[in-house]
Amino acid sequence: MTENGQPRSVVDGTDVDARAAAFLAAGTVPHVIEGERRQSRAGGERPIMNPSTGHQIGTVTSGDADDLDDAVRSARAAFEDGRWRLLTPREKETRLQRLADLIETHREVTGDLDGLDAGILRKYASFVSQASINALRYYAGWPTKIAGHLPPVGPDYTAQERIEPIGVMGVIKPWNGPGAFFNQVAPALAAGNSVVLKPAEHTPLTATYMALLALEAGIPPGVLNVVHGDGAVGSPLVAHPAVNRLSFTGSVATGRALAAAAAQTFKKVNIELGGKSPVIVFPDADLELAAVAATGSVWNNSGQVCTAGSRTLVHRDIYEEFLERAVEASKDLTVGHAFDDTADLGPLISPQQRDKVRSYVEIGRSEGAAVKLVGRAPETGGNYQAPVIFADVDMSMRVAREEIFGPVMSVIPFDSEEQAYRIANDTEFGLAAGVFTRDIARADRAADALDVGTVWINCYQVLDAAVSFGGAKHSGYGRSLGSPALEEYTRRKSVWSRRYAADPLR
Ligand code: ADP
């Protein structure tokens with residue numbers, strides 16, 4: 001069978017691109033170290049599970065500190081001999097663009113791989129890989145433009161402010177958007193660094209596949225290494241003396257421990273954590289737009305998105321009408337297999353995550369939240385969870401305070417603009433917020449008042465590689481994307497030279 005001219009094969013009962021199937025069938029998914037496919041020295045392995053069925057679909061090697069050390073040595077050697085760092089800016093641009101082109105031609109494959117181990121809906125999966133393509137294209141333009149400057153210091157000296165790559169970057173990623181890791185890796189490469197990437201243990205496939213494509217695109221061996229495993233790889237990556245800087249995306253608990261560990265070796269860390277992001281709907285909003293965007297922001301990837309708009313703040317004047325529209329927009333949604341193109345929500349990553357979300361649904365009920373919708377989801381097969389809308393939630397409830405990371409929407413009424421901002425900011429998180437209003441002055445006030453890293457006005461979850469992204473408060477620090485990310489992946493060096501007014505030897 002073919003689709004878009006590509007042969008198809010069956011994996012775990014699903015029709016997928018034959019290249020994705022062949023990749024899985026090739027045996028235990030390896031690390032990519034020094035451009036080579038390697039198995040863990042100690043022989044550790046881990047099953048790869050399909051969240052849509054609960055079946056094992058393959059095996060991935062699972063490393064420890066020794067494998068990590070091999071990867072760091074490989075990255076360090078690549079950095080020091082300059083096989084990437086010292087290429088001309090134009091050549092770096094060419095190769096990063098070539099990699100973007102290659103991923104584009106393999107987008108069906110990476111989308112299928114993200115569907116197979118992360119349970120990402122196929123229609124959403126190509127959007128995830130597209131983020132990597134966009135980041136690569138955007139940052140490909142930077143090597144030719146990263147320039148220092150010469151501050152004016154008078155006639156006796158020349159002072160240069162140079163901008164240099166830092167060395168070896170450690171990048172640790174979670175499981176909820178595995179194909180998008182070039183958001184962090186592309187700026188690191190554009191700046192001339194080498195990278196050791198640790199994907200989440202649940203989702204090893206796309207990272208490995210894309211790292212092999214990077215070799216094909218001419219990113220030299222050792223410049224982008226991938227090491228599989230859990231904290232047994234993550235921890236030594238954070239502690240390793242030859243790793244210069246870190247980027248971490250994941251949970252608050254791990255982020256906190258990681259920042260403390262990184263401080264021992266004075267590594268700067270970029271940290272992107274979770275959220276409990278408010279979507280505020282004012283009475284003058286386009287209510288249909290707001291209802292679709294607010295619900296979509298929680299159903300998107302079954303709520304497993306750090307920017308999920310999991311608290312919906314609605315003005316009392318339009319509260320009932322908004323709830324009706326939100327239920328209307330959600331009641332017919334179907335939950336199903338990641339490769340079922342009629343499904344609106346895919347599975348959760350693991351049975352544990354599903355149980356956690358279910359327990360929050362029970363907590364919401366017992367706390368007195370009004371259940372406005374419990375959708376339908378298959379009882380068997382994958383890790384399925386129906387979408388749930390809670391109304392009459394207040395900030396004393398755990399469903400309003402804790403990140404659920406599942407399709408649970410908590411609707412909270414408010415009476416005044418000032419109160420809306422107070423409720424919105426009454427959380428330890430500060431990742432993002434949405435504001436729905438037709439009043440431009442109010443939109444501006446909201447943007448000022450909200451203590452978050454991104455504000456979306458009359459839209460939600462819009463991202464572009466040119467616009468930086470990051471959190472406030474316990475949602476983390478440092479920015480990814482845009483030109484600010486380059487600051488995180490470069491360092492400054494000031495060089496002073498004495499200028500002689502006359503020949504000093506005379
Ligand atoms: P999640 O709840 O999204 O799985 P985690 O914070 O546990 O969030 O995981 C995010 C990433 O951090 C994963 O790649 C995971 O393997 C990694 N990780 C887990 N423990 C540690 C650790 N102690 N040090 C570094 N990385 C870790």
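Residues numbered from 1 in each chain as written. Predicted model: local features only at pLDDT ≥ 70, side-chain atom pairs only at ≥ 80, totals over all residues. Heavy atoms only, no water.

In the annotation of an unreviewed UniProt entry, the protein chain is listed under the name Aldehyde dehydrogenase family protein and assigned to Rhodococcus rhodochrous. Of the comments in the UniProt record for the protein chain, the one headed Sequence similarities (unreviewed entry) reads "Belongs to the aldehyde dehydrogenase family." (UniProt positions renumbered as here; feature names shortened; annotations may be inferred.)

Chemist: Account for the sheet that holds strand S14 (residues 278–281), with residues named and values stated.
Modeler: Strand order in the open sheet formed by seven strands is S16-S17-S18-S15-S14-S19-S20, and the pairing between neighbours is mixed. On the outer flanks of this sheet lie strand S16 (370–374) and strand S20 (454–457), each paired with one strand and no other. If you compare each strand with its neighbour and ignore which way they point, the axes differ by 20° on average. With four bridges joining them, strand S19 (residues 432–436) and S20 adopt parallel strand pairing. In the strand pairing of S20, Gly 434 is matched with Trp 456. Contacting S14, strand S15 (311–315), strand S17 (388–391), strand S18 (408–414) and S19, helix H10 (residues 287–299) runs over the sheet at an angle of about 140° to S18. (Pairing = 2+ DSSP bridges. Helix = DSSP H or I, 4+ residues; strand = E, 2+ residues; numbered from the N terminus. Axes fitted to C-alpha atoms, helices over the stretch in contact; angles between N-to-C directions. Contact = heavy atoms within 4.5 Å.)

Chemist: Now, about the UniProt feature "active site" (unreviewed entry) in the protein chain: what can you tell me, with residues and values included?
Modeler: When the UniProt feature table is mapped to this numbering, "active site" (unreviewed entry) covers Glu 272. Secondary-structure assignment places Glu 272 in strand S13 (residues 268–272). Those residues in contact with Glu 272 that lie beyond four places of it in its chain are Gln 184, Phe 248, Thr 249, Gly 250, Phe 469, Ser 475 and Ser 480. Side-chain polar atoms of Glu 272 contact the side chain of Gln 184, separated by 3.5 Å. (Polar contact = N/O pair within 3.5 Å; in protein donor to acceptor, adjacent residues only side chain to side chain.)

Chemist: Outline the pairing of S20, listing residues and values.
Modeler: Residues Thr 454 and Trp 456 of S20 are buried on one face, while the alternating residues Val 455 and Ile 457, pointing to the opposite face, are not. This β-α-β element, S19 to helix H15 (residues 440–449) to S20, shows right-handed connectivity. (Buried < 20%, exposed > 50% of the residue type's maximum accessible area, 1.4 Å probe, protein only. Right-handed = clockwise from strand over helix to strand, strands pointing away.)

Chemist: Kindly report on the site of the ligand, identifying the contributing residues and their values.
Modeler: Close contacts around the ligand come from 17 residues, with Lys 173, Lys 198, Glu 201, Ser 251 and Thr 254 the closest. Here Lys 198 contributes a side-chain N or O atom positioned 2.8 Å from an oxygen atom of the ligand. Ser 251 is positioned with one of its side-chain polar atoms (N or O) 2.7 Å from an oxygen atom of the ligand. Coverage of the ligand by the protein amounts to 75% of the 560 Å² it exposes when considered alone. Mapped onto the shell around the ligand, the elements with two or more residues apiece are helix H8 (231–239), strand S12 (245–249) and helix H9 (252–264). For the shell around the ligand, the leading source of residues is H8, giving three residues. Across the shell around the ligand, the residue classes break down as six nonpolar, seven polar and four charged. (Near = heavy atom within 4 Å. Areas by Shrake-Rupley, 256 points an atom, 1.4 Å probe, with all protein chains shown as cover. Nonpolar A, V, L, I, M, F, W, Y, C, P; charged D, E, K, R; others polar.)

Chemist: Report on the nonpolar core, specifying residues and quantitative values.
Modeler: Residues Leu 99, Phe 182, Val 185, Val 195, Leu 197, Val 281 and Phe 322 are the most contacted members of the largest nonpolar core, which totals 90 residues. In terms of residue count, helix H7 (residues 205–216) provides more of this core than any other element does, eight residues in total. Residue contributions to this core reach at least three from each of two domains, namely domain 1 (33–273 + 475–491) and domain 2 (278–457). Those residues within four positions of Phe 182 in sequence are excluded, and the remaining contacts are Leu 99, Ile 103, Ser 132, Ala 135, Leu 136, Pro 187, Leu 189, Met 210 and Leu 224. Core analysis: the second largest hydrophobic core is formed by 29 residues, Tyr 360, Val 361, Met 395 and Ile 423 among them. (Core = buried A, V, L, I, M, F, W, Y, C linked by side-chain atoms within 4.5 Å. Domains from an automatic or database assignment.)

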